[in-house]
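So you can see what is in the structure, the chains are spelled out below.
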There are 2 protein chains.
Amino acid sequence: MKEMLEAAKAAKSRIAGLTAEEKNAALNAMADSLLMCETAILEANALDLEGAKGHMSDVMLDRLRLTPERIASMAKGIREVAALPDPVGLTLESHTRQDGLKIDKVSVPMGVIAIIYESRPNVTSDAAALALKSGNVCILRGGKEAFHSANAIVNVLRMGLQSTDIPVTAVNLVQDTSRDSALALMTADGYVDLLIPRGGAGLINACVRNATVPCIATGTGICHVYVEKTADQEMALNIIENAKTSRPSVCNAEEVLLVDKAIAAEFLPKLRKRLGNKVELRLDKEAEKYIPGTPAGEKDFDTEFLDYILAVKCVEDVREAVAHISAHSTGHSEAIITTDPVAERYFTANVDSAAVYVNASTRFTDGGEFGLGCEMGISTQKLHARGPMGLRELTTYKYIIHGNGQVRV
Amino acid sequence: MKEMLEAAKAAKSRIAGLTAEEKNAALNAMADSLLMCETAILEANALDLEGAKGHMSDVMLDRLRLTPERIASMAKGIREVAALPDPVGLTLESHTRQDGLKIDKVSVPMGVIAIIYESRPNVTSDAAALALKSGNVCILRGGKEAFHSANAIVNVLRMGLQSTDIPVTAVNLVQDTSRDSALALMTADGYVDLLIPRGGAGLINACVRNATVPCIATGTGICHVYVEKTADQEMALNIIENAKTSRPSVCNAEEVLLVDKAIAAEFLPKLRKRLGNKVELRLDKEAEKYIPGTPAGEKDFDTEFLDYILAVKCVEDVREAVAHISAHSTGHSEAIITTDPVAERYFTANVDSAAVYVNASTRFTDGGEFGLGCEMGISTQKLHARGPMGLRELTTYKYIIHGNGQVRV
């Protein structure tokens with residue numbers, strides 16, 4: 001690990017200084033390489049799938065699985081990153097003082113970005129592409145379940161780099177998938193400029209607790225949809241069905257439904273009917289009065305199910321809904337379905353999450369959907385980046401000041 | 001402490017929702033109150049000065065001392081903050097998708113900002129004013145040397161608040177100045193949205209190591225001035241004199257001088273003459289050949305002296321200068337004095353600090369001097385804010401998305 005950290009640090013200045021053309025050529029070469037080596041990647045992925053069988057849910061197995069289509073989509077993703085504008089070297093602000101001192105605020109790469117993630121193999125290529133495009137060296141540390149896939153992908157990406165004169169140490173994969181290696185990255189002071197954990201609550205919390213390097217917590221999404229009493233109920237059903245069932249394994253999927261008591265008797269039976277047997281409902285005492293379902297345990301309102309499960313709670317009004325969200329949300333995405341402008345304003349002003357929706361599905365919280373073109377993850381913290389992190393969020397800035405002898409009086 | 005954290009959290013939503021007019025009226029009332037209660041503040045400060053006598057350097061005693069002029073300047077500082085534009089509620093970006101979904105990125109306060117600082121009493125009023133203006137509740141935890149002063153100032157500021165209908169819990173001072181209270185703030189998960197330590201390396205490191213709440217490291221400044229061989233030497237002398245001696249106790253003061261070997265024999269005697277007996281020079285082996293001074297120990301190149309001491313090292317060229325800075329700098333401010341555009345570009349591209357100067361004094365790294373109007377501290381980290389932190393850096397953003405039933409396909 002020490003060796004990899006040194007190599008990454010040594011590559012920093014070279015990668016930060018690459019032109020947009022050099023980076024884009026390298027990215028396209030990486031995409032070509034992925035397509036060319038599809039078979040090797042699928043073979044490695046088969047090893048991972050074999051190893052995971054029996055101790056992974058179907059939803060999680062699906063996240064791990066690669067197909068020719070998914071590899072093509074990874075390559076396409078890299079080319080899309082290449083096509084985005086270069087986020088580095090932009091003069092963000094410029095100010096010339098009366099004494100002639102010129103102060104420029106210029107965007108620069110972070111340096112070395114470490115990403116600790118779990119089982120989605122496409123994160124490997126996405127993260128490598130985003131890091132390179134933003135002038136950063138990356139150190140990837142995937143989960144052991146996906147190690148063969150990630151290793152094959154990094155080897156293939158490095159083959160692409162080898163066709164350019166960019167050092168392969170721009171993209172690094174940690175070979176050790178034990179806790180030790182994660183901890184080593186979290187505490188690699190002076191080597192890692194930014195740590196991004198992508199994964200479940202356990203990983204994120206371990207990083208927040210143990211990291212001494214700068215860290216951005218991402219992705220844990222206990223997302224709420226609140227159906228206010230004036231809501232268009234048909235719209236509410238469409239949004240809930242989409243937020244819960246279109247892709248339950250992702251962080252912007254709905255996990256908790258809040259419903260105003262005033263409409264619970266009318267709305268909940270329609271909900272039960274709409275979701276059918278596809279979704280297990282975990283109901284609070286009030287909701288149980290109106291529809292059949294599993295009685296909700298206390299934990300059910302603090303769990304990211306990532307599965308076809310929805311916790312349901314009845315609330316008095318928008319104030320109780322917001323108070324419940326404040327106490328239980330991970331700060332990712334929350335939606336209100338309402339036609340009342342007062343309830344809407346109270347909700348958008350007081351819900352302290354990265355994305356606050358009015359009459360739309362939480363599933364839109366995504367770099368691509370938000371128009372950023374790509375995404376390194378969804379920040380659930382307030383520092384530096386909040387919500388979908390695109391290229392810009394992988395840079396910092398410095399002030400470059402030009403004078404001709406100015407001193408401070 | 002628990003009680004104060006709860007009170008701060010409870011005040012968050014009210015303070016975040018204040019209009020610019022309400023905040024400005026409160027700030028002006030706080031400034032009035034400071035002037036009105038000058039005597040009480042000076043009496044409290046006298047207690048602190050009495051307590052500090054004998055175990056504080058003159059430079060540090062000067063930082064602790066209040067005078068009627070300094071109190072007036074604190075009040076003026078608050079009024080200047082009131083006059084700045086409101087950083088909250090700005091639509092930073094707006095994007096309407098083809099499906100009609102409107103995505104607004106809106107600036108919002110952080111929530112509760114905790115500031116742990118040391119002996120400068122004016123930090124108390126500055127921090128309170130900046131926090132309020134940016135819609136944040138603040139929890140101030142000053143050093144024990146300045147406790148009486150800080151307590152008097154906070155009481156006086158709260159008197160000002162009492163003349164408005166803003167809750168006094170907008171501004172809070174921790175009464176316990178032991179390490180325990182600092183540690184409690186660093187780990188107040190769910191209560192403190194941002195921790196800003198302002199002070200020496202010991203404090204900053206303790207925060208970086210122990211904080212589980214989001215934290216911005218500020219202010220440790222081992223600032224370098226590098227005199228490249230083509231430099232205008234008279235300009236270099238002026239800049240060094242300014243950077244070292246105009247205010248040695250502050251973080252943007254120069255601590256280390258790097259000089260090209262090629263000009264050392266000519267330049268160092270001029271430097272010795274210019275700085276006279278006012279500054280102790282700690283010289284590396286090469287510099288010792290040309291001028292008298294104290295032999296530098298290894299630590300002298302990693303110390304923020306905050307005093308009339310300057311470490312001096314001779315280097316081969318700009319590459320060695322940048323390598324030395326990379327290894328020893330705190331990432332605050334560094335300057336090159338040169339007339340060679342190649343050396344200049346190498347220096348500005350490769351020095352990874354918040355502020356990189358060409359032919360100007362490092363003393364300009366300051367919110368006021370940079371045109372931000374004010375400053376909460378100088379960030380030496382890359383995440384969220386780098387360099388002087390003004391009002392904008394005390395806010396975050398959230399996405400507010402308006403739809404009419406959109407779901408993700």
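As the structure is a prediction and not an experimental result, all values here were calculated from the model.

Describing the overall build of chain A
Then step 1. The number of helices and strands found in chain A is 14 helices and 16 strands.
Then step 2. In terms of C-alpha radius of gyration, chain A reaches 23 Å, essentially the compact-globule figure of 22 Å for 409 residues.
Then step 3. Oriented by its inertia axes, the alpha-carbon framework of chain A measures out at about 70 × 65 × 35 Å.
Then step 4. The long-range share in chain A, meaning contacts at least 24 apart out of those at least 6 apart in sequence, stands at 72%.
Then step 5. Surface summary for chain A: the accessible area is close to 15300 Å², and the carbon and sulfur share equals 52%.
Then step 6. In chain A, 44 positive and 53 negative side-chain charges are present, and the distance between their average locations comes to 3 Å.

Here's the deal with the pairing of strand β4 (residues 137–141) of chain A
Residues in a regular strand project their side chains so that they alternate between the two faces of the sheet.
Residues and elements named next belong to chain A.
Then step 1. Buried residues dominate β4, accounting for five of its five residues.
Then step 2. The two faces of β4 match: V137, I139 and R141 on one face and C138 and L140 on the other face are all buried.
Then step 3. By the bridge criterion, five bridges tie strand β3 (residues 112–116) to β4 in an arrangement that is parallel. In the strand pairing of β4, I113 is matched with C138.
Then step 4. In this fold, the crossover linking β3 to β4 by way of helix α6 (residues 122–133) has right-handed handedness.
Then step 5. The sheet contact formed by β4 and strand β5 (residues 171–173) spans three bridges and is parallel. Following the sheet pairing, L140 is matched in β5 by L173.

Describing helix α13 (residues 318–328) of chain B
What sets the pattern is the α-helix's 3.6 residues per turn: residues three or four places apart point alike.
All names here are of chain B.
Then step 1. Where α13 is concerned, the buried positions are V318, A321, V322, H324, I325 and H328. Taken down its axis, α13 places every buried residue within 160° of arc, on the same side. Structural note: α13 exposes R319, S326 and A327 on the side pointing more than 90 degrees away from its buried face.
Then step 2. The elements touched by buried residues of α13 are β7 (223–227), β8 (254–260), β11 (309–315), β12 (333–337) and α14 (341–350).
Then step 3. Among the residues of α13, the N-terminal cap falls to D317, whose side-chain oxygen and the backbone nitrogen of R319 are separated by 3.2 Å.

Considerations on the interface of chain B and chain A
Then step 1. The interface of chain B with chain A comprises 67 residues on the first partner and 67 residues on the second.
Then step 2. Buried area between chain B and chain A, summed over both chains or domains, comes out near 5400 Å², and the portion from carbon and sulfur atoms is 50%.
Then step 3. Counting across the interface, chain B meets chain A through ten salt bridges.
Then step 4. Among the salt bridges present, the one from E93 of chain A reaches R392 of chain B, with a minimum N-O distance of 2.8 Å.
Then step 5. At the boundary of chain B and chain A, one finds 45 residue pairs in polar contact (both at pLDDT 80 or more).
Then step 6. Broken down by secondary-structure element, the contributors of at least two residues to the side of chain B that touches chain A are α1 (2–16), β1 (91–96), β2 (102–109), α9 (201–210), α10 (233–245), α14, β13 (355–360) and β16 (395–406) of chain B.
Then step 7. Of the pairings in the sheet, the one linking strand β16 (residues 395–406) of chain A to β13 of chain B comprises five bridges and is parallel in character. Across the sheet, the residue bridging to I401 of chain A is Y357 of chain B, located in β13 of chain B.

Section: the environment of A129 of chain A
Residue and element names in this part refer to chain A.
Then step 1. Tracing the backbone shows A129 in helix α6.
Then step 2. Considered as a pair, A129 and R79 are 50 residues apart in the sequence and their alpha carbons are 8.8 Å apart.
Then step 3. Those residues in contact with A129 that lie beyond four places of it in its chain are L27, I78 and V81.

Things to note about the pattern of salt bridges
All names here are of chain A.
Then step 1. A full pass over the atoms with the stated rule returns 56 salt bridges over all chains.
Then step 2. Salt-bridge contacts for E93 lead to K105; the nearest nitrogen and oxygen are separated by 3.7 Å. Of this pair, E93 sits in strand β1 (residues 91–96) while K105 sits in strand β2 (residues 102–109), and the two are twelve residues apart along the sequence.
Then step 3. Taking relative accessible area as the criterion, E93 reaches 34% and is therefore assigned partly exposed.

Section: the relation of the copies chain B and chain A
Then step 1. Each copy of the sequence occupies a distinct position, and chain B is placed on chain A by a rotation of 180° and an axial shift of 0.0 Å, giving an RMSD of 0.0 Å. Expressed as a symmetry operation, the mapping of one chain copy onto the other fits a two-fold axis. Of the C-alpha atoms belonging to chain B, the one lying closest to the rotation axis is found on H384 of chain B, 1.8 Å away.
Then step 2. Take the interface residues of chain B: 100% of them recur as interface residues in chain A, which is what a same-surface contact looks like.

Thoughts on the side chain of N151 of chain B
Residues and elements named next belong to chain B.
Then step 1. On the secondary structure map, N151 appears in helix α7 (residues 147–162).
Then step 2. There is a polar contact of 3.2 Å between the side chain of N151 and the side chain of Q175.
Then step 3. Look past the residues within four positions of N151 in its chain and what remains in contact with it is L173 and Q175.

Here we look at the sheet that holds β2 of chain A
Then step 1. Ordered by their spatial adjacency, ten strands build an open sheet running β1(A)-β2(A)-β16(A)-β13(B)-β12(B)-β7(B)-β8(B)-β11(B)-β9(B)-β10(B), and the pairing between neighbours is mixed. Each of the sheet's edge strands pairs with one partner strand only, and the pair in question is β1 of chain A together with β10 (294–295) of chain B.
Then step 2. Looking at chain direction, strand β9 (residues 280–283) of chain B and β11 of chain B are connected through four bridges and run parallel. Directly across from L283 of chain B, in β11 of chain B, lies its bridge partner V312 of chain B.

Quick word on the sheet that holds β5 of chain A
Residues and elements named next belong to chain A.
Then step 1. One open sheet accounts for four strands, arranged β5-β4-β3-β6; its pairing is parallel. For this open sheet the edge positions go to β5 and β6 (194–197), each flanked by a neighbour on one side alone. Neighbour-to-neighbour, the strand axes of the sheet open up by a mean angle of 20°, direction not taken into account.
Then step 2. In this sheet, β6 lies alongside β3 in parallel orientation, the contact comprising four bridges.

Description of the packing of helix α2 (residues 20–36) of chain A against helix α5 (residues 68–83) of chain A
Residue and element names in this part refer to chain A.
Then step 1. Between α2 and α5, whose axes approach to 9 Å, the crossing angle comes to 175°. Here α5 runs roughly antiparallel to α2, going by the angle between their axes. On the side of α2, the interface is formed by N24, L27, N28, A31, D32, L34 and L35, while α5 contributes I71, A72, M74, A75, I78, R79, V81 and A82.
Then step 2. Broken down by class, the residue content of the contact of α2 with α5 amounts to eleven nonpolar, two polar and two charged.

A few points about the packing of aromatic side chains
Residues and elements named next belong to chain A.
Then step 1. For the structure shown, the criterion picks out six aromatic pairs over all chains.
Then step 2. Relative to F347, the ring of Y226 lies with its centre 6.1 Å away and its plane at 20°, an arrangement referred to as stacked. Here the residue Y226 occupies a position in strand β7 (residues 223–227), and F347 occupies one in helix α14 (residues 341–350), the gap between them amounting to 121 residues.
Then step 3. Its relative accessible area of 0% is what places F347 among the buried residues.

Procedures and definitions
Residues numbered from 1 in each chain as written. Chains lettered and ligands numbered in written order. Predicted model: local features only at pLDDT ≥ 70, side-chain atom pairs only at ≥ 80, totals over all residues. Heavy atoms only, no water. Helix = DSSP H or I, 4+ residues; strand = E, 2+ residues; numbered from the N terminus. Rg over C-alpha atoms; globule rule 2.2 N^0.38 Å. Contact = heavy atoms within 4.5 Å. Areas by Shrake-Rupley, 256 points an atom, 1.4 Å probe, with all protein chains shown as cover. Lys, Arg positive; Asp, Glu negative; His and termini not counted. Charge placed at Lys NZ, Arg CZ, Asp CG, Glu CD. Buried < 20%, exposed > 50% of the residue type's maximum accessible area, 1.4 Å probe, protein only. Pairing = 2+ DSSP bridges. Right-handed = clockwise from strand over helix to strand, strands pointing away. Arc of directions from axis to C-beta. Polar contact = N/O pair within 3.5 Å; in protein donor to acceptor, adjacent residues only side chain to side chain. Buried area = accessible area lost by both parts, 1.4 Å probe. Salt bridge = Lys/Arg side-chain N within 4 Å of Asp/Glu carboxyl O. Least-squares fit on C-alpha atoms with pLDDT ≥ 70 in both. Axes fitted to C-alpha atoms, helices over the stretch in contact; angles between N-to-C directions. Parallel < 35°, antiparallel > 145°, perpendicular 65-115°, else oblique. Nonpolar A, V, L, I, M, F, W, Y, C, P; charged D, E, K, R; others polar. Phe/Tyr/Trp six-rings, centres within 6.5 Å; stacked < 30°, edge-to-face > 60°.

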